[in-house]
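Observations on chain architecture
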Amino acid sequence: SAAGCNKQNLEPLGKCPVVMQMVTAKDSYKDITYSFLAPVDWMTVSPSAYLVQAYSAKAIKENQYNYPYIDITNYEKVNSLTPRDERMRIYKDLFSNKYNDYIGLVEKELSLVNAKPSDIKFKLYKGEHGKIAAMQYTYTDTAKGITFLVVDCYREDINYSVYGSADIRSEDFDPSKTIPWIIDSLTAK
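We now turn to the structure provided with this report. Computed from a prediction, not measured in an experiment: that's the story for all the values here. (Residues numbered from 1 in each chain as written. Predicted model: local features only at pLDDT ≥ 70, side-chain atom pairs only at ≥ 80, totals over all residues. Heavy atoms only, no water.)

**Concerning the nonpolar core**
- By size, the foremost hydrophobic cluster in this structure holds 29 residues, and its most contacted members are Y34, F36, I70, I72, I179 and I182.
- Only strand 2 (20-26), strand 3 (33-39), strand 5 (51-56), strand 6 (69-74), strand 8 (130-141), strand 9 (146-155), strand 10 (160-167) and helix 4 (179-185) provide two or more residues apiece to this core.
- Here this core gets 4 residues from one element, more than from any other, and that element is helix 4.
- Setting aside chain neighbours within four positions, we find F36 in contact with Q21, M22, V23, A25, T44, V52, I72, I182, S185 and L186.
- Within the second largest apolar cluster, 23 residues are counted, among which are F95, L105, Y137 and Y163. (Core = buried A, V, L, I, M, F, W, Y, C linked by side-chain atoms within 4.5 Å. Buried < 20%, exposed > 50% of the residue type's maximum accessible area, 1.4 Å probe, protein only. Helix = DSSP H or I, 4+ residues; strand = E, 2+ residues; numbered from the N terminus. Contact = heavy atoms within 4.5 Å.)

**Some words on the sheet that holds strand 4 (residues 42-48)**
- Spatially, 8 strands are ordered 1-7-8-9-10-6-5-4 in an open sheet, and the strand pairing comes out mixed. Edge positions in the sheet fall to strand 1 (11-12) and strand 4, since each has one partner strand and no second.
- Strand direction decides the pairing type here: strand 4 and strand 5, joined by 5 bridges, are antiparallel. Paired with M43 across the two strands is Y55, which belongs to strand 5.
- Set on the sheet, helix 3 (residues 100-110) makes contact with strand 7 (118-127), strand 8 and strand 9; between it and strand 8 the angle comes to about 35°. (Pairing = 2+ DSSP bridges. Axes fitted to C-alpha atoms, helices over the stretch in contact; angles between N-to-C directions.)

**A few points about unusual backbone geometry**
- Phi at Y50 is positive, roughly 65°, even though this residue is not glycine.
- On the secondary structure map, Y50 appears in the loop between strand 4 and strand 5.
- Positive phi outside glycine occurs at D119, with the angle close to 50°.
- Tracing the backbone shows D119 in strand 7.
- We classify D119 as exposed; its relative accessible area is 54%.

Written as structure tokens, this is what we have:
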């Protein structure tokens, strides 16, 4: 193809619409330290290797049953229902605007809780370190009677994802206004 004809129009990420702070979290099982932006007053934990989670301290204090949370995962290293090589291909395909296999993966995982993804949106951003693929969808947990908003982001230069989930009625946390900026800020050393 002619030079420049294959360029993707990436939306610049721009400024985060939410007040965030830089936090550091240590992987409890591996010698990895994560630094990333998180909403102010959130706390971090590392419940297993290659996974760091952040939670709203306010939601925990108020004993909210379905508190919003963020998962930062090294998707190359964690176990999953889907074989590693297939997962790696699916995530890499996102950067070429191919997301049907990703949706299939989400459908497979949500079927375990009798749910289906809906209101699916996909966007590629230009971040500080290159491309960011952002998948957004909702699903209803029928057992809890709650619809969740999910934003799952991937960065082309690292094998990490940042996944955020919140009750769609939440006024405290909107994953679509934070997760792309969190992955853009992420370092793991």
